[in-house]
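Residue-level listing of the chains:
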Amino acid sequence: MQKEGERLIPISIVDEMKSSYIDYSMSVIVSRALPDVRDGLKPVHRRVLYGMYGLGVFSNRKYLKSARIVGDVLGKYHPHGDSSVYDAMVRMAQPWSLRYPQVDGQGNFGSMDGDPPAAMRYTEARLKKISDEILADLDKETVDFQNNFDDSLTEPSVLPTKIPNLLVNGTSGIAVGMATNMAPHNLSESIDAICAYIDDREISIDDLMKHIIAPDFPTGGIIYGYDGVRDAFHTGRGRIVLRAKVNFEEVHGRNAIIVTEVPYQVNKAEMIERTSNLVKEEKIPGIHEIRDESDRMGLRIVYELKHDAIPNVVLNLLFKYTALQTSFSVNNIALVKGRPQQLNLKDIIHHFVEHRHEVVTRRTEFELKKAKERAHILEGFMRVIATQDTLDRAIYIIRHSATPQEAKEGLMAEFELSDIQAQAILDLRLARLTGMELDKIRAEYEEIMALIKDLEDILSSEARRYQIIKDELLEIKEKYGDERRTDIDFSGGDMSIEDFIPNETVVLTISHAGYIKRTSLSEYKIQSRGGVGNRAATTRDEDFLEYIVSATNHQYMLFFTEKGKCYWLRVFEIPEGSKTSKGRAIQNLINIEAGDKIKAYIRTDDLTNSEYVNQMNVVMITKNGTIKKTSLEAYSRPRTNGINAIEIREGDELLGARLTNGESEIMIATRKGKCIRFPEEKVREVGRGSIGVRGISLEDDDAVVGMIVVKDVENETVLVVSEKGYGKRTAVEDYRITNRGGKGVITLNITDKTGDLIALQNVMDDDGLMIINKSGVAIRMGVEELRVMGRNTQGVRLINLKGDDEIAAIAKVEMDKEVEEDADETNADGISNVDSSHPEFSDLPMTGDNSMTNIGTERELRKAEKEEEQELKRLENEQDSNEEN
């Protein structure tokens, strides 16, 4: 209820929330989570050090109960929970957390296994000797002081550290809207880099990196690769890969992997437990036993291996699946003049040197002020004790004065002294008036005057001040510098998943609806010509397999769409699936535009190899017979949203693409059984934005179905396949060479029995053939079973189809020398399963519709072949007359 004299002021809750949240954010950023670039400390760490400084628990004093220290810090400077102070102090004492610990703890301060420290009533602490250097000169007005939380005391806003603490110890913290994660470095290297910066303010970061090579973590380990370090030093952000330090030994008659150093911030006990679980799950085979043999002498984890295990293979698996390899993401954000700022290596050094320069300047000014004050008093002494007569007069004035004030005034009047000088003379003990003491006063005066001159020279010379900074840093290096603990593997690099995936041959299948998968080749069984095949894939309703290609896991796949765009994937990035699984929608892997569809693909080697990409060409063919050749280099820079590969005119679409070396021959086949052959050099190389040139002239109702690149004319033969299962092999030389753009010659006699031509492929005797029909049934057979026939014949039946089923796709494979047949071994669907080999496919896109499978016999197929050959002999003369040149 509103009281008399009060009034209500309406405010917007949105504005109030904004204002309050901004205030909270700035409080967290400035007063809690981020370190000051000058001393590298957050407020809580600075208050712990200053609290211990106030209690006098220096490195040469006895330990004090942690509870006493925490209570003093809480009561005077840090009005938060006691755990916030104690946890911070504990971390400052842990040698595995800080590269150079700042607190000397006595008692249980935790362990690398994540064990918590003992309660603060049980532990004791004092400052480390290196912390004395962080607090040095604090009493000489070197830094600004601010009021504490209740304005009853003051505390320093920054410490006048001689130690480049932000560099050597790093820090981490999460603020509001930002975070920091700064790596620790070696003190000796850091001081060398700072001195190099003082000598040359224009020094480059690369030159600084000759002194401070890389981060130096308290737990040692190995930095694997240098790119992340370089990025961190140059930009303030970088990902540094860390590995454990390991060696191989023989333990109890077995090979063993011995870990002596682990990556920074790794919980050793959790890592061992996680590894044990992975061994039980058989994700890391080959490990017999894991033991933690760490003691006071150092860390030692033993991975005892099974007798048949290969140590390097097991080690790679440990690097992949466990914390034996981690990464440290550097994010150098610190407060610069109260504002958060991203800092590179030179920025951090610059701000520390500027801070030290200010401290040295203010310290010199303080010492000069104190020296002048002392000189002023000594000048008064000198006036009074200049002669025996003046000394006697001073004693007389003092003895005959009724009060000290009267004596002071008498001295001031007699010797022209200031109030301070007169008081100092009154405070002199009689012992100082002896002859020897008087000589000491004169000597002290001479020394103090020399000191004043030196201090004034320091203040007038910037070069001297920076030299002092260098000298003090080199003294720190001499006292506290040590060898770096973390080794660097410059030849290494960020571990990629491909380092752990075997570079084995796999089968890639893509369905008409755009589902893709990667399958081990061993799942596909070998059969003879005329077999019925085995179940290859489970597809969705109205879907069927459209492409088959074999590749190795480490190769690249370039996907080309019917609208002329190109996309990239590494083979191992394609999800793995079983032979009968439908796979994953390709739209979830690459950003294909709506309404577009994959129509061709190219399998390439390393696209980062400039020599390789400049030697190879991409040749594309469209449905309307347009051909285009472009250097592979134009497609060597992957983009998430793909690039334009060829301009497609209205009514046309991209059909196929091949990789060539510039010295091949090109053959293009059409749906109506025509084929043209011409040298690749007839197609000039153009840029990515070009349309291309005419490859083959088509009749109104015809269209291109495929293109091959012939490299070995003598040994390669041309395989053509029709949609109803007929196919044949013909010598390449049967197709005469013509200019591009012609109508071509007959390659397959098209009848209602054969159906239209759907595939063109170049094969040799030792190749195998894989055929998948529209209903998803696959068959593998040897190409040598197909005899070489005339160019315009009808061919022989390759697969026995049921009803209206048709062939959807073919690909060639390298067959084993022995092909096993086992007609009696069948599965529940009546599909034959025979031992498989490990062939390598080539690429060829196909199209078709969904149908069912027919199961035939070898006898029926041979009878059908005989009838077909007799019919072909009768028709050969008529067909030859229709051949077009």
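Everything below is about the structure shown above.
Below is a short write-up of the structure.

Cut-offs and rules
- Residues numbered from 1 in each chain as written.
- Predicted model: local features only at pLDDT ≥ 70, side-chain atom pairs only at ≥ 80, totals over all residues.
- Heavy atoms only, no water.
- Helix = DSSP H or I, 4+ residues; strand = E, 2+ residues; numbered from the N terminus.
- Buried < 20%, exposed > 50% of the residue type's maximum accessible area, 1.4 Å probe, protein only.
- Contact = heavy atoms within 4.5 Å.
- Polar contact = N/O pair within 3.5 Å; in protein donor to acceptor, adjacent residues only side chain to side chain.
- Core = buried A, V, L, I, M, F, W, Y, C linked by side-chain atoms within 4.5 Å.
- Domains from an automatic or database assignment.
- Salt bridge = Lys/Arg side-chain N within 4 Å of Asp/Glu carboxyl O.
- Pairing = 2+ DSSP bridges.
- Axes fitted to C-alpha atoms, helices over the stretch in contact; angles between N-to-C directions.
- Parallel < 35°, antiparallel > 145°, perpendicular 65-115°, else oblique.
- Left-handed = near helix turned anticlockwise from the far one by under 90°.

Along the chain, S59 turns up in the loop between α2 (43-55) and β1 (64-65). Taking the relative accessible area as the measure of exposure, S59 reaches 18% and is therefore buried. Note: C-alpha distance between S59 and I130 (71 residues apart in sequence) is 8.6 Å. Setting aside residues no more than four positions away along its own chain, S59 makes contact with R126, L127, K128, K129 and D132. A polar contact is formed between the side chain of S59 and the side chain of D132, at a distance of 2.8 Å.

Moving on to the nonpolar core. By size, the foremost hydrophobic cluster in this structure holds 104 residues, and its most contacted members are L49, M52, L187, L345, I349, V384 and L411. For this core, the element with the highest residue contribution is helix α12 (residues 345-384), accounting for 13 residues. No fewer than three residues from each of domain 1 (42-157) and domain 3 (349-480) sit in this core. Leaving out residues up to four positions away in the same chain, L49 has contacts with L41, M92, Q102, L127, S131, I134, L135 and L159.

Tallied over the entire structure, the rule returns 47 salt bridges. Between D192 and K477 there is a salt bridge; the shortest N-O distance is 2.8 Å. Here K477 lies in helix α17 (residues 462-480) and D192 lies in helix α7 (residues 187-199), a separation of 285 residues in the sequence. D192 gets classed as partly exposed once you look at its relative accessible area, which sits at 26%. For K477, a relative accessible area of 28% puts it in the partly exposed group. For D292, the salt bridge is made with K268, and the minimal N-O distance between the two is 2.6 Å. With D292 in strand β12 (residues 287-292) and K268 in helix α10 (residues 268-280), the pair connects residues that are 24 residues apart, well separated along the chain. What makes K268 buried here is its relative accessible area of 6%.

Here four strands make up an open sheet; going across it, the order is β25-β22-β23-β28 and the pairing antiparallel. Edge positions in the sheet fall to β25 (598-604) and β28 (643-644), since each of these pairs with one other strand and no more. Across six bridges, the pairing between strand β22 (residues 556-561) and β25 is antiparallel. Within the sheet, the bridge partner assigned to L558 lies in β25 and is I602.

Packed helix pairs are characterised by how far apart their axes lie and by the angle those axes make with each other. In the contact formed by helix α3 (residues 66-76) and helix α4 (residues 82-93), the axes pass within 9 Å of each other and the chain directions differ by 125°. The angle between α3 and α4 places the two elements in the oblique class. Two packed elements cross with a definite hand, and for α3 against α4 that hand is right-handed. From α3, S66, I69, V70, V73 and L74 reach across to α4, where they touch D82, V85, Y86 and M89.

Unlike most non-glycine residues, H252 shows phi in positive territory, near 55°. As for its position among the elements, H252 is in the loop between β10 (245-251) and β11 (254-261).

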